[in-house]
Amino acid sequence: MPAAALLEIIDIRKSFGAIEALRGVTLSVFPGEVVALLGDNGAGKSTLVKIVAGELRQSSGRVVYDGIERHFASPGDAKAVGIETVYQDLSLCTNLDVVANFFMGRELTRRVLGLPVLRDREMEAETARALAAGGTQIPSLRTRVEHLSGGQRQAIELNRFVHWGGKLVILDEPFAALGVEQTRRGLETVDRVRARGIGVILITHVMAQAFAVADRIVVMRQGAIAGDLRTGETSPDEVVHLITGGIERIGAAPRHVQVQPEKGANA
């Protein structure tokens, strides 16, 4: 029996004065599904995901997450229920090591003479287990993040999100500053995140990335959905036409997509 949608965006509209940025957007994301969100600059992608992430409030419409209608007042509200946004520049503190970043805001402590002391060994062991489960290898967890590659930093952030119980991750142009090999590893990380039943919204301008890892491709144009298509049932040419307005194809209503751990960068 198909699983219920993890996220349902229902007839979302957003206006900034006389400018209508979103015009009745409806979209669903299921557990263990990667949805690539494509569109030209100004199509409304960023506005839409900022509403989901709690950075903006919609003018009208509903956001239903995990079966409950939500009214996020801040990004903190979204994070508290398991929604995380990973941006191109990430949110890691580069002057701290891997363990400190992994436990930021959740540090394990014990009391010694009434003073809090970090439980360093426990935090390092837990970080190592979490990264290993996510297929990430970093030689020393006491290395400062500033000395790691972009791909390693991204893997830390994604694995941290998974470890702390995240259910939906929004990746906003996460590979824009990465090289070819780092991008390949990043796409493999997205595959592993999907395999753990987490929903993923991937915003990208690179068509090849969308076709490599996404179960569905959703195209936005002028604040509306121009197409909602299964990746295996469309082509780069069709997606380009949707982005530029050459054709209009909304597609069938989305349904649950079975998790396929081996699909993605190695496909």
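Structure first, text after, so check above.
Residues numbered from 1 in each chain as written. Predicted model: local features only at pLDDT ≥ 70, side-chain atom pairs only at ≥ 80, totals over all residues. Heavy atoms only, no water.

Caption draft 1: Just a nonpolar patch on the surface, in detail. Judged by side-chain polarity, V112, L113 and V117 come together as a nonpolar surface patch covering roughly 290 Å² of accessible area. Among the secondary structure elements, V112 is positioned in strand β7 (residues 109-112). (Patch = residues over 30% accessible without salt bridge, like charges linked within 9 Å, V, L, I, M, F, W, Y side chains within 5 Å. Areas by Shrake-Rupley, 256 points an atom, 1.4 Å probe, with all protein chains shown as cover. Salt bridge = Lys/Arg side-chain N within 4 Å of Asp/Glu carboxyl O. Helix = DSSP H or I, 4+ residues; strand = E, 2+ residues; numbered from the N terminus.)

Caption draft 2: Region of interest: the pattern of salt bridges. For the structure shown, the criterion picks out 18 salt bridges. Of the charged contacts, one joins R216 and E33 as a salt bridge, the two residues approaching to 2.7 Å between their closest N and O atoms. Residue R216 is located in strand β11 (residues 216-221), and its partner E33 is located in the loop between β2 (19-29) and β3 (34-38); the two are separated by 183 residues in the primary sequence. Residue classification places R216 among the buried positions, given a relative accessible area of 1%. Note that R62 and E69 form a salt bridge whose closest N and O atoms lie 3.3 Å from each other. On the basis of relative accessibility, which here comes to 39%, the residue R62 falls in the partly exposed class. On the basis of relative accessible area, E69 is assigned to the partly exposed category, the value being 35%. It is possible to trace a salt-bridge network through shared partners that takes in D97, D120, E124 and R142. (Buried < 20%, exposed > 50% of the residue type's maximum accessible area, 1.4 Å probe, protein only.)

Caption draft 3: Spotlight on the pairing of strand β9 (residues 168-172). The element β9 is largely enclosed, with a buried count of five among its five residues. In β9, alternate side chains face the same way, and those of L168, I170 and D172 on one face and V169 and L171 on the other are all buried. The pairing of strand β6 (residues 83-87) with β9 spans five bridges and is classified as parallel. By the bridge assignment, I83 is partnered in β9 with L168. Where the polypeptide runs from β9 across helix α6 (residues 180-195) and back to strand β10 (residues 199-203), its parallel neighbour, the crossover connection is right-handed. (Pairing = 2+ DSSP bridges. Right-handed = clockwise from strand over helix to strand, strands pointing away.)

Caption draft 4: Structural detail: helix α1 (residues 45-52). Of all eight residues that make up α1, six are buried, and the element is covered over most of its length. Considered for burial, the residues of α1 that qualify are K45, T47, L48, V49, I51 and V52.

Caption draft 5: Highlighting the nonpolar core. Counting residues in hydrophobic clusters, the biggest one holds 29 residues, and the most contacted among them are L38, V169, L171 and I217. A per-element tally of this core places helix α7 (residues 207-213) first, with four residues. Residues contacting L38, with those up to four places away along its chain left out, are K45, T204, M207, A210, I217, V218, V219, M220, V239 and I243. Residues L6, I201, I203 and I225 belong to the second largest nonpolar core, which totals 28 residues. (Core = buried A, V, L, I, M, F, W, Y, C linked by side-chain atoms within 4.5 Å. Contact = heavy atoms within 4.5 Å.)

Caption draft 6: Fine view of the sheet that holds β9. The sheet built from six strands is open, its strands ordered β6-β9-β10-β3-β11-β12 with mixed pairing. The outermost strands of the open sheet, each flanked by one partner alone, are β6 and β12 (224-230). When strand polarity is set aside, the average angle formed by the axes of neighbouring strands in this sheet is 20 degrees. Alignment of β9 against β10, held across five bridges, turns out to be parallel. (Axes fitted to C-alpha atoms, helices over the stretch in contact; angles between N-to-C directions.)

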